[in-house]
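# A closer look at the structure
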Amino acid sequence: GAAAISDALKTNNSLKELNMSSNEITSEGARKISEAIQSNSTLQKLNISGNKICDDGAAAISDGLKTNNSLQKLYMSNNEITSKGARYISEAIKMNTSLL
């Protein structure tokens, strides 16, 4: 699942868009995605909407956003993220210079 795709994303240097929406990705999968976006420098658009990512997953994604400098668009709607998780993402967006 998300772990296998994330492992591939860590070494991929050509993929620009990845749609992982509606795949029942949990916060554990979000942690793997976060690890991947920390090392990937080509991905510009990531859609992880419609999954089962909760606040812990949002915190993990925010860690990835803090160091990623290629991602321009991130779609995370329709997950299980509360205002707490939204704050994690908000703080990361402040530090990220590539998101539009």
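What this report covers is the structure whose coordinates are included nearby.

Here 3 strands make up an open sheet; going across it, the order is β1-β2-β3 and the pairing parallel. A strand with exactly one partner marks an edge of an open sheet, and here the two such strands are β1 (17–19) and β3 (73–75). Neighbour-to-neighbour, the strand axes of this sheet turn through a mean angle of 0°, independent of strand direction. Sheet analysis places β1 next to strand β2 (residues 45–47), joined by 3 bridges and oriented parallel. Looking across to β2, one finds that Asn19 is bridged to Asn47.

Next up on the list: helix α2 (residues 27–39). Look at α2: 19 Å from first C-alpha to last across 13 residues, which is about the 18 Å you get at 1.5 Å a residue. Those residues of α2 not exposed but buried are Ser27, Gly29, Ala30, Ile33, Ser34, Ala36 and Ile37. Along the axis of α2, the buried positions cluster into a sector of 165°, meaning they face one direction only.

This part takes up the pattern of salt bridges. Applying the stated criterion to the full structure yields 7 salt bridges. A salt bridge links Asp63 to Lys66; the nearest nitrogen and oxygen atoms lie 3.9 Å apart. One end of the pair is Asp63 and the other is Lys66, both in helix α3 (residues 55–67) and 3 residues apart, which spans about a single turn. Using a relative accessible area of 41% as the deciding quantity, one classes Asp63 as partly exposed. Taking the shortest distance from any N to any O, the salt bridge between Lys94 and Glu91 comes out at 3.1 Å. In this pair, Lys94 and Glu91 are both assigned in helix α4 (residues 83–95), 3 residues apart and thus about one turn of the helix distant. Judged by relative accessible area, which is 63%, Lys94 ranks as exposed. Among the charged side chains, a network of salt bridges with common partners joins Asp7, Lys10 and Glu35.

What counts, and at which threshold
Residues numbered from 1 in each chain as written. Predicted model: local features only at pLDDT ≥ 70, side-chain atom pairs only at ≥ 80, totals over all residues. Heavy atoms only, no water. Pairing = 2+ DSSP bridges. Helix = DSSP H or I, 4+ residues; strand = E, 2+ residues; numbered from the N terminus. Axes fitted to C-alpha atoms, helices over the stretch in contact; angles between N-to-C directions. Expected span 1.5 Å × (residues − 1). Buried < 20%, exposed > 50% of the residue type's maximum accessible area, 1.4 Å probe, protein only. Arc of directions from axis to C-beta. Salt bridge = Lys/Arg side-chain N within 4 Å of Asp/Glu carboxyl O.

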